[in-house]
Structures are given as C-alpha cells and as structure tokens.
There are 2 protein chains.
Amino acid sequence: MKSPVTIKDIAKLANVAQSTVSKALNNRPGISARTRQHIISIAKAHNFVPDAAGKALKNRFTNNIGVVFCREDYPLRNPFFSRILEGIESEIAFNHYNLVLQLIPNHEETTIPKMIRERQVDGIVLIGVRNKAFIEQLQQAGTPFILIDPRDYFPDCPQVVIDNENGTFLATDYLIRNGHRKVGFIGGDLAVPSFAERLNGYKKALAFHNIPYSRRLVKTGGFEEGYTQTQQLLKLSKRPSAIVAAYDISALHAYRAINDAGMRIPEDISVVGFDDIDLAKMAIPALTTVRVYKEQMGSVAVRQLRTLIHTETPVSFTPIIPVKLVERDSVKKSED
Amino acid sequence: MKSPVTIKDIAKLANVAQSTVSKALNNRPGISARTRQHIISIAKAHNFVPDAAGKALKNRFTNNIGVVFCREDYPLRNPFFSRILEGIESEIAFNHYNLVLQLIPNHEETTIPKMIRERQVDGIVLIGVRNKAFIEQLQQAGTPFILIDPRDYFPDCPQVVIDNENGTFLATDYLIRNGHRKVGFIGGDLAVPSFAERLNGYKKALAFHNIPYSRRLVKTGGFEEGYTQTQQLLKLSKRPSAIVAAYDISALHAYRAINDAGMRIPEDISVVGFDDIDLAKMAIPALTTVRVYKEQMGSVAVRQLRTLIHTETPVSFTPIIPVKLVERDSVKKSED
DNA sequence: CGTATTTTGGAAAACGTTTTCCAAAATTTC
DNA sequence: GAAATTTTGGAAAACGTTTTCCAAAATACG
C-alpha cells in the first residue's frame, strides 16, 4: 500500500493552510474563488481523496449503511431477499453511501453486530429479523434503523411492509371469478404475522363471494413443505380445483406434487403463487402470482432510513408497498 | 444517537491513563495483571467498544473487505454469483471482518470505487470483472485485491479460477460413455475465456473418444440464448442425441426449447449443464450437471486476500477449484 | 488619506485511538 | 540498607480530517 496523499500535502503544495484546503474542497465559504480553484486543481492533479477514517472521526458520520439479514433465511440464495437487496443496493449506490452486509444468527442472545457497536455505520436496514431482544438493544443504543417485512410485529418501529392481505384477496378472488369454488391454501407458519395476513386475505375473498371457509382446505406448517401440503389437498375426497400458495416457493413445490400425482396444471388443477420471484415466469407452466415490488421495498427502506439518520425527531411512518396480480398460465379460466 | 463511551471515559473511571487502558484492552505488555483485570471489568461494565474510525485512523487498517461485482451481471439475483457471495460472506464473518458490497458498471472508463480511494477497505475481492483499465488502476494504487473467475486473463494477478476444461471434459465423456455419439454444445461468448475453456474441454473429450469435432454442433452467442441455440440444434438433419450446456441457465433454456418442440428429456434428448445452481436439482427432470464449488471459491479468495493484506511481498499463487460431475435424471443411459 | 468594514486565510484544537518514550515505583542484588 | 535492575503506568504525539476563532489584508467610505 503506497502512502496516500493527505490534505497536509495539498496544503504544502498550494502554499496554504490545511483549513483553507478543507474549505476549498468542501465548498465552505470564507475563501476567494481564485484560491479555491487553485487548490482544487492541485488536489485533482495529485489525486487527493480525503481519508474516510479521518472524516468519520471528525464528522461522526461514516457514510456507511448496514444491511442485516438473518443467516437462517439464506438471504443471498433466496430470490425474494435478493431482490430486496438489489433495491437496497441501488438506492445506497445512488446516494454514494457504502453498503455493509451482515448476516446474523437468530438466537435470542444475539448481540448487536460489531459494525454497529464500533460505529462503522450510520444506520441499518433489517430484513426478516424476528428477534425482539435484538430490536430492543438497538433502540437502547440509539442506532437509527428500519425494518423490512418484519416477521414479528414491532408496531412502534419504523418499517416497510407488504400489502399481504390484499395480495391473497386478489389471488383468491381471481380464482373464484374464473369459476373455482373449491380453493385450497398452502403455505408457512401461522406464527409468522405476514403469513397470517396472507391467510386472512384468502378468507376475506371467500367471504366476499359467500363461499364458506373450510379449515380442511388450508395446509400450513413449514415454509418448504409445499410438496406434502399439496399431496394432502389432492388426497381429499372432494379435492380443490385450485390452490393459492402463500409463497411462490410453495407453489413450485406444489407443481412437483401435482406432476408426481399424474395431474396437469392448469387443466386438472390451477395454482396461484405469491411474491413473483424469477422462477415464477420460468416455471412450466409460467406461474400466475401476486407480484411484490421487492426492489421498491428495499429502496423505500433506504430512503426512510436516510431521513431517520439526518433528522433529530423522526416521524414514524409505515409505507405499505402495494401488490399486483400477474396473470400467466397456471390458472384454468372459465369459458364465459 | 447517544454519545458513546470512549477510552478517555474508561481511563477516568479506572483512575489510570488512556495508554494504560489501551494496553489492557489490547493485551499489550507493560502493566500488571491486576490493573489489566480492573480496567477490563470497568470497560465491560460500561459497554465500552473502541470506535472504528479512531482505530482505523491510527492503525491504517479498517477491518473491512470490499466485494466488487459487475452491475451488468446482476450478481445478486444470479444464483451462481450468490453462492460465491455466500462463501465470501462466511469467511469474512468468520474472521470478524466487515463486508462492503459494491457493484460497478463495466465501462472502460469506470474509476476505482470511492470505498477504495477513501481507504475504507483493506483489500477487495473482484468477481467477474473484465475491465483491464480498472485492474491496472488498482495495481497502481497498490490496493490488495484478488480476482474470482476472471472473464479476461490477467495472468499476473492473484486469482481463484474454476477447472473449466476438466468440467466439460467430464460432462462430454459421461455422455459418450453412455452411448451418445452426437453431442451438441451450447453456451455463451467465445470471447469470454472461461467459456472458451469449457468449449475446449468438450473438444478434448471428443478427441479422446476419436469422435470428430463438428462446428455445426456448437452454438455460441449470448449467455441467455440457450433457447434459440437449442432450436437450431434440433433443426439439424441429423440432430444430436445429447447437449452439453456451458451453463445451467443455458441448460434450462434448452429444457424449454425441447419441451416446446414436443420432445422429452431424457428419452428423446439428454442434457448436461455446468455450475450446479439450485435450480438444477429443482428442474423437471433434475439436471445432471458439473458442480462448481462456488462457496469454496469465495472463501478461498478471502483467505488469499487476507494473506495479501498482511504480507509485504506477496507470493502469487492461483488456486484452481476442482469440479465434479453430479448425476441426476437428464441423461439417457445406455443399457450395458 | 485615515478610519470603518468586509473579505480572506492561518493557527490551533478537536474527534478516539495507539504507540513511544520516560520517570517513578517496586523489586532484586550485594 | 544502598545501589542496580526490573516492572509499572503516565504524558505526549501521531494518524487525517473539520471547525472555530482570530488577525491580517483588502476594500469601502467619509
């Protein structure tokens, strides 16, 4: 590592004081246009770039934003989280911040990451964190933070959420309008609030069309159990003609189960997913699903966080990211 | 943001000098075990954590490692890159470093990212960078760096590479051993060295089995053109009974083309991929492919980089990550 | 031309660490 | 018990910035 050129060097070269260089380079008033130009040109010529550590020490701002995922979610390989990260990244890059990525385990005893305790970041975005103790530590420490799609409710925390209920309402409504009266529902864990919301949307759509809700048509459990959940639905004496999956991943597991049972999509059974991950349109047949604007969630979160960082008394405001039904080929439509 | 507790506060509380606190906390000699313990317990009690900026300023080490991808590769949504990133992340976390993520455009005029010029990172890992000017700037600046799977050859740079040639050799050899004499090859851009290597492996396997190489069986071009490439192969008067795809993504596009042509895998035509991304085993039928140990590439790169950072005169050493053929269900086997 | 005002640039301190050097205290040696 | 040696802890400087405060220089005013 070559020894870098410092503000002191520039001052010497320009025959001025350090403070003058600083003023010139940071557009501070108090020096003439002439000297400012002079200094700027010398700094450029010598490739001067102010040192981040020096700046951070003085300014108390690092220009870094931390992005925290749960390790257990395998956020990097999970296409849903990846897209959120893309949104976060682009917004951070746009604002000339740095993105510090951190995966944390989800134990109750998890302590605040080093990067925060050491004041390496000005604020953090948390995705999928469901650890109450962790959040409380953060609040105590006074670190600005924002939650994306929190798995547990932290009602008094700044957060960005998905319009889950509306999404499954749209999906279920769409199926019913296309002649499906018996609609199954598969998905994850009822203890997860966002999943509970999705189930709710399904129920509301049934109610809206005066179709009685039947517990037997709903299969919950592990996030990845779509295969067995679907098998159970197919075994029912009066099996559903359509399935709403709370996650595209579940829907794709359903695809396999349906395929293995010798049935065809959508001729024998229709499927609608939720999330619109990349695989949805790659699947055969392409999956009709509820699109979640994942990139938007990420970028909105960063924008919110930036105001949190730079404002003294933050106003709590919870953006709800809308959803949209994307019609593809996995639903059999009624003729009329 | 609450004002944090500094080393000065601890010194005051413990009735010692700052320097003594520093020695105690950093296991430096020159103080008695008694005072060391005393100071440590006080520091603990007051949740003292040394400030990163202060440390960096003094030490000239940030404990940050930069990870640089090309924006055009969409590395976050690309499962291949994601897995590399997972490997990088786990190795970085293991060493208590921070990961600073940075996507750069791939123009020739791209300048060194701010995080490097400002000395925010101790070194960087570059993935898929094919920009000569960029690499040269880096060398000039003296930043420690390592390349992963470089798209162009930078022979004198530290790098981690895939055993591409061996991979396609194994794939092609496997097909031939299973009775396939007419084997097609699809993939990306010949200007990309790693792709050229993959093509080479295919040729070598043919030669090994005394099968003449035919240019007509090889379809190159865009990374994502697997669909049309496969269509072309299927249209040949004597169409191949098997296809080697240089990337799993290409293979999955081939799946669609084959499906759309009304043929079945592997009964009518066999397919082998390369990379072993997640979708490979999820595909129907599960894709036989060449596994690349992507996580290992990432972690090896970080390990190499760490020695580059902490050594004065680095020894250039190029780890070649091995590959392995993973048999699944997309190849029709000969009876014998 | 002398005074009042404004503009300009510099000296010094501060941010939170670590490290070097030195003096005082404690211990050993005779 | 004094001298020589070792151990212990403190004062100060340094890392690269920014900011505050002040004095000198330039300009305006009468």
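As the structure is a prediction and not an experimental result, all values here were calculated from the model.

The rules we used
Residues numbered from 1 in each chain as written. Chains lettered and ligands numbered in written order. Predicted model: local features only at pLDDT ≥ 70, side-chain atom pairs only at ≥ 80, totals over all residues. Heavy atoms only, no water. Near = heavy atom within 4 Å. Polar contact = N/O pair within 3.5 Å; in protein donor to acceptor, adjacent residues only side chain to side chain. Helix = DSSP H or I, 4+ residues; strand = E, 2+ residues; numbered from the N terminus. Nonpolar A, V, L, I, M, F, W, Y, C, P; charged D, E, K, R; others polar. Least-squares fit on C-alpha atoms with pLDDT ≥ 70 in both. Contact = heavy atoms within 4.5 Å. Axes fitted to C-alpha atoms, helices over the stretch in contact; angles between N-to-C directions. Parallel < 35°, antiparallel > 145°, perpendicular 65-115°, else oblique. Buried < 20%, exposed > 50% of the residue type's maximum accessible area, 1.4 Å probe, protein only. Buried area = accessible area lost by both parts, 1.4 Å probe. Salt bridge = Lys/Arg side-chain N within 4 Å of Asp/Glu carboxyl O. Pairing = 2+ DSSP bridges. Domains from an automatic or database assignment.

1. Things to note about the protein's contact with DNA strand C
Turning to step 1, where the next piece is worked out: Around DNA strand C, 28 residues are found, and the nearest of them are Ala17, Thr20, Lys23 and Thr35 of chain A together with Gln18 of chain B.
Turning to step 2, where the next piece is worked out: Here a phosphate oxygen of DNA strand C and a backbone polar atom of Ala17 of chain A are 2.6 Å apart.
Turning to step 3, where the next piece is worked out: Contact distances for DNA strand C include 3.3 Å between a base nitrogen and a backbone N or O atom of Gly54 of chain B.
Turning to step 4, where the next piece is worked out: Secondary structure elements with two or more residues in the surface near DNA strand C: helix H2 (18–25) and helix H4 (52–59) of chain A together with helix H2 (18–25) and helix H4 (52–59) of chain B.
Turning to step 5, where the next piece is worked out: Taken together, the residues of the surface near DNA strand C sort by class into nine nonpolar, 13 polar and six charged.

2. Concerning the relation of the copies chain B and chain A
Applying a rotation about an axis and a shift along it to one chain copy brings it onto the other copy.
Turning to step 1, where the next piece is worked out: If you rotate chain B by 180° and push it 0.0 Å along the axis, it lands on chain A with an RMSD of 0.1 Å. Such a combination of turn and shift is consistent with a two-fold rotation axis.
Turning to step 2, where the next piece is worked out: A share of 100% of the interface residues of chain B reappears at the interface of chain A, consistent with the copies meeting face to face through the same patch.

3. A look at the packing of H2 of chain B against helix H3 (residues 33–45) of chain B
Residue and element names in this part refer to chain B.
Turning to step 1, where the next piece is worked out: Running from amino to carboxyl end, H2 crosses H3 at an angle of 90°, the nearest separation of the two axes being 9 Å. In this view, H2 runs roughly perpendicular relative to H3, as classed from their interaxial angle. Contact residues: H2 offers Thr20, Val21, Lys23, Ala24 and Leu25, while H3 offers Arg36, Ile39, Ile40 and Ala43.
Turning to step 2, where the next piece is worked out: Broken down by class, the residue content of the contact of H2 with H3 amounts to six nonpolar, one polar and two charged.

4. Structural notes on the side chain of Asp275 of chain A
Residues and elements named next belong to chain A.
Turning to step 1, where the next piece is worked out: For Asp275, the location among the structural elements is in strand E9 (residues 270–275).
Turning to step 2, where the next piece is worked out: You can call Asp275 buried: its relative accessible area is 5%.
Turning to step 3, where the next piece is worked out: Separated by 3.3 Å, the side chains of Asp275 and Arg198 make a polar contact.
Turning to step 4, where the next piece is worked out: Residues contacting Asp275, with those up to four places away along its chain left out, are Phe80, Arg198, Tyr247, Asp248, Thr289, Val290, Arg291, Val292 and Lys294.

5. Some details on the interface of chain B and chain A
Turning to step 1, where the next piece is worked out: Taken together, the contact between chain B and chain A spans 52 residues of the former and 52 residues of the latter.
Turning to step 2, where the next piece is worked out: In this assembly, chain B packs against chain A so that about 4600 Å² is buried in total across both faces, 54% of it on carbon and sulfur atoms.
Turning to step 3, where the next piece is worked out: Our count for the chain B to chain A interface comes out at eight salt bridges.
Turning to step 4, where the next piece is worked out: In this structure, the connection of chain B to chain A is made through 22 residue pairs in polar contact (both at pLDDT 80 or more).
Turning to step 5, where the next piece is worked out: Within the residue set of the side of chain B that touches chain A, elements represented by two or more residues are H4, helix H5 (79–94), strand E2 (98–104), helix H6 (114–117), helix H7 (132–141), helix H11 (248–260) and helix H12 (278–282) of chain B.
Turning to step 6, where the next piece is worked out: In terms of residue class, the side of chain B that touches chain A is made up of 23 nonpolar, 13 polar and 16 charged.
Turning to step 7, where the next piece is worked out: When strand E2 (residues 98–104) of chain A meets E2 of chain B, the two strands line up antiparallel, connected through three bridges.

6. So, the domain arrangement of chain A
Turning to step 1, where the next piece is worked out: Examined at the domain level, chain A breaks down into domain 1 (7–57), domain 2 (64–160 + 295–320) and domain 3 (164–293).
Turning to step 2, where the next piece is worked out: For domain 1 of chain A and domain 2 of chain A, the distance between their C-alpha centroids amounts to 35 Å.

7. Description of the sheet that holds strand E12 (residues 323–326) of chain A
Either a parallel or an antiparallel arrangement is found when strands of a sheet pair, and the pairing is made through backbone hydrogen bonds.
Residue and element names in this part refer to chain A.
Turning to step 1, where the next piece is worked out: Taking strand neighbours across the sheet as the criterion, the six strands line up as E7-E6-E8-E9-E10-E12 in an open arrangement whose pairing is mixed. Two strands bound the open sheet, and with one partner strand each, they are strand E7 (218–219) and E12.
Turning to step 2, where the next piece is worked out: As judged from the two bridges shared by strand E6 (residues 183–186) and E7, these two strands associate in the parallel manner. Following the sheet pairing, Ile186 is matched in E7 by Lys219.
Turning to step 3, where the next piece is worked out: Relative to the sheet, helix H9 (residues 193–208) contacts E6, E7 and E9, its axis offset from that of E6 by approximately 175°.

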